[in-house]
Amino acid sequence: MSSNEAYHKNVEPGAGGDGPSGSSGSNGGAAGGSHSNQLHHQQILNETTYLKPAAKQAYFSDEKVLIPEDDHTSMGFSFRKLWAFTGPGFLMSIAYLDPGNIESDLQSGAAAKYKILWVLLWATVLGLLMQRLAARLGVVTGLHLAEMCYRQYKRLPRWILWIMIEIAIIGSDMQEVIGTAIAIYLLSNKAVPLWGGVLITIVDTFTFLFLDKYGLRKLEFLFGFLITIMAVTFGYEYIVSAPNQVEVLEGMFVPWCSDCNSNVLLQAVGVVGAVIMPHNLYLHSALVKSRDIDRRQPKKVSEANFYFFIEASVALFVSFIINLFVVSVFAHGMYGKTNKDVLDICTNKSMYADALVSFVDHQNGTAIIDADLYKGGLFLGCTFGAVAMYIWGVGILAAGQSSTMTGTYAGQFSMEGFLNLQWPRWCRVLVTRCIAIIPTFCLAMFSQMEDLTNMNDILNAVMSLQLPFAAIPTIAFTSCAAIMGEFVNGLGNKIVSICLTIVVIAVNLYFVIVQVENMQIEGGLLALVCIFAILYILFNLYLVIHMAACMGNQRLMNSRWVQRFVLPSQNSFSIKNANSTYASDVTLVVGESATNKTVKGLETVSEKVPN
């Protein structure tokens, strides 16, 4: 008996998610039938198998959105159904709009004008393809990516994966909290220091996160409202600055960069690293579980995949437009400008004193602007008036606040899945926030504005290193027939996803290598970096071997070494045991009215799975 099998037999009765009425599959009340049912429930693996029934998960613990039946459009498109599926994709898209991305946008515009807009476009498309795979995993199996990793990897690699993803979340959260603190610093006219802005971010993030107690759809509406604020504020800056539309379109659709130096190339690589975030795959695969999908019917699963893909496409299109606004504003206004040029513009303006401190000229009027979020706000204020600066601050505040909340959800899903936590929800929220907030607070307390804003490239490099630890498991699981059944990736999907992932990872690793070289590491620290690089490559090789075995490589699957150290036990997960509980003893939100109702007594597929 494997350790995994032994562990399953210790699961509490009824923890399979079917509720107390789940034993109705027997014809009578005989003890033998009840015992058989009990054992059967213990073997059914779903997202609550290892969690106590009282434990509540994040975001969708108390309610799920009911998908309306529409017989008239059963063979076509239904806007009612699209509306019911709308939500998870927009929450996912917020990671494409966090302050780290906004800063990368303005830096690329200032350094390369419109020349690398096409990189932003295709990076968003690549992100959509990866998000599609993550969403399909959650829809088809009823398990999000971290929960699947818990079942498909051995203990040590599972812990390493969790640590790496947690590092990515911390790096992203530092960008988000610092961006929010800078926005508060701007909006308060420097009355609130940076460390005070960090504290405010902590408090209001906790406040907003508990809004889901008032309804899942209301929480999703809040995120939609924050995205709207970003679109309006950055769109205002775009209209006021009035960039050349022909040059914008040319930069988007002509994949070329003439006369581009190494700095522009580095900015292009940084755009890719900022857009495609590893923890976002874990987040999206969990968010889709908030919809009540009848997994007993392949048609319903296929329908869910279709509508989730449309919703994610629309959401990422909106995020691309917002990013486009930011790049174009600073490409038009800041490209080729020196610090002296900005100081000349700021003369006789209320923010001139701040500009003197930020736009320091040490090269006799030839120093090109080193752009960041704070300098971007000052530049807009000097060029278009104080209103433009404050509107910029509002947009950054919305970006930072929304991304810190989704980052917290990503941290909760990661801990719940990888570690099988059974803590109360408030405790998980507190721990995940403290892990990310404490380093950020210390940094804001003991650093200057210049130190904070210059960390963006380092944090992007850290997150770039973690991308394989999300991309490889996602491709592996969605390419495994035992996990995905008839929804497994086809040969074309496998080839495209693997090739694109290799390209993105290679680009990100180049970015990391350049950052390490710029840090001029020597001696013992350099030796540690080399040791880490070797271990990093070996662990990626381990994940690739696991992925190849999942895809059906018979030589690896039959290898005794691979079976012992790489592959899970045979009963770790099977598509026939996917969580297919449909509208059973859960609170549902119905359509636009968001009225709650409880549907009980509906049968589950677990009662129909043969022993």
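Residues numbered from 1 in each chain as written. Predicted model: local features only at pLDDT ≥ 70, side-chain atom pairs only at ≥ 80, totals over all residues. Heavy atoms only, no water.

The protein chain is annotated in an unreviewed UniProt entry as Protein Malvolio of Drosophila madeirensis. The protein chain has a UniProt comment under Subcellular location (unreviewed entry) that states "Membrane". Its UniProt record gives the protein chain a comment under Sequence similarities (unreviewed entry), which states: "Belongs to the NRAMP family." (UniProt positions renumbered as here; feature names shortened; annotations may be inferred.)

With that settled, the discussion passes to the state of the cysteines. Enumeration over the complete set of coordinates arrives at two disulfides. Paired by a disulfide, C257 and C260 hold their sulfur atoms 1.5 Å apart. Disulfide C257-C260: the torsion about the S-S bond is -75°, which places it as left-handed. Relative accessible area serves as the criterion here: at 28%, C260 is assigned to the partly exposed category. For C346, the disulfide goes to C382, at an S-S distance of 1.7 Å. (Disulfide = S-S within 2.5 Å. Buried < 20%, exposed > 50% of the residue type's maximum accessible area, 1.4 Å probe, protein only.)

This next bit is on empty space enclosed by the protein. Scanning all chains against the criterion turns up ten cavities of 30 Å³ or more. Taken as a whole, the largest cavity spans an internal volume of roughly 110 Å³. Lining of the largest cavity is provided by 13 residues; of these, L126, M130, I276, T501 and V504 occupy positions nearest its centre. Among the secondary structure elements, those contributing two or more residues to the lining of the largest cavity are α6 (117-141) and α24 (491-518). With five residues, the single largest contributor to the lining of the largest cavity is α6. Of the residues in the lining of the largest cavity, the class split is ten nonpolar, three polar and no charged. (1 Å grid on protein atoms, 1.4 Å probe; cavity = no way out; pocket = protein on both sides within 12 Å on 5 of 7 lines; lining within 4 Å. Points joined across faces, edges and corners; volume = space filled by probe spheres on them. Helix = DSSP H or I, 4+ residues; strand = E, 2+ residues; numbered from the N terminus. Nonpolar A, V, L, I, M, F, W, Y, C, P; charged D, E, K, R; others polar.)

Taken N-terminus to C-terminus, the directions of helix α13 (residues 278-287) and helix α22 (residues 468-478) make an angle of 45°; their axes are 7 Å apart at the nearest point. Classed by the angle they form, the pair α13 and α22 counts as oblique. Along its contact with α13, which presents P278, L281 and Y282, the element α22 presents F469, A470, A471, P473 and T474. Class assignment for the residues of the contact of α13 with α22 results in seven nonpolar, one polar and no charged. (Axes fitted to C-alpha atoms, helices over the stretch in contact; angles between N-to-C directions. Parallel < 35°, antiparallel > 145°, perpendicular 65-115°, else oblique. Contact = heavy atoms within 4.5 Å.)

Bringing the packing of helix α8 (residues 155-187) against helix α18 (residues 386-419) into the picture now. One can describe the packing of α8 onto α18 by two numbers: an axis separation of 8 Å at closest approach and a directional angle of 160°. The angle between α8 and α18 places the two elements in the roughly antiparallel class. Where α8 crosses over α18, the handedness of that crossing is left-handed. Tallied by class, the residues present in the contact of α8 with α18 amount to 20 nonpolar, ten polar and four charged. (Left-handed = near helix turned anticlockwise from the far one by under 90°.)

This paragraph deals with a nonpolar patch on the surface. On the surface, L525, L528, I531, I534, L535, L538, L541 and V544 cluster together into a nonpolar patch covering about 770 Å² of accessible area. Here L541 lies in helix α25 (residues 523-550). (Patch = residues over 30% accessible without salt bridge, like charges linked within 9 Å, V, L, I, M, F, W, Y side chains within 5 Å. Areas by Shrake-Rupley, 256 points an atom, 1.4 Å probe, with all protein chains shown as cover. Salt bridge = Lys/Arg side-chain N within 4 Å of Asp/Glu carboxyl O.)

Within the largest apolar cluster, 157 residues are counted, with the highest numbers of intra-cluster contacts made by F234, F330, W392 and F477. The biggest single contributor to this core is helix α14 (residues 298-333), with 16 residues. Setting aside residues no more than four positions away along its own chain, F330 makes contact with L106, G109, A110, Y335, G376, F379, L380 and W392. (Core = buried A, V, L, I, M, F, W, Y, C linked by side-chain atoms within 4.5 Å.)

A few words on the pattern of salt bridges. Two side chains of opposite charge can pair, provided their charged atoms sit close to one another. With the rule as written, the count across this model stands at nine salt bridges. With a closest N to O distance of 2.9 Å, E147 and K289 form a salt bridge. With E147 in helix α7 (residues 145-152) and K289 in the loop between α13 and β2 (291-292), this pair connects stretches of sequence that are 142 residues apart. For the pair E147 and K289, a shared accessibility class is recorded, and that class is buried.

Here S241 lies in helix α10 (residues 216-241). With residues up to four places along the chain from it excluded, the contact list for S241 reads V329, H332 and F384.

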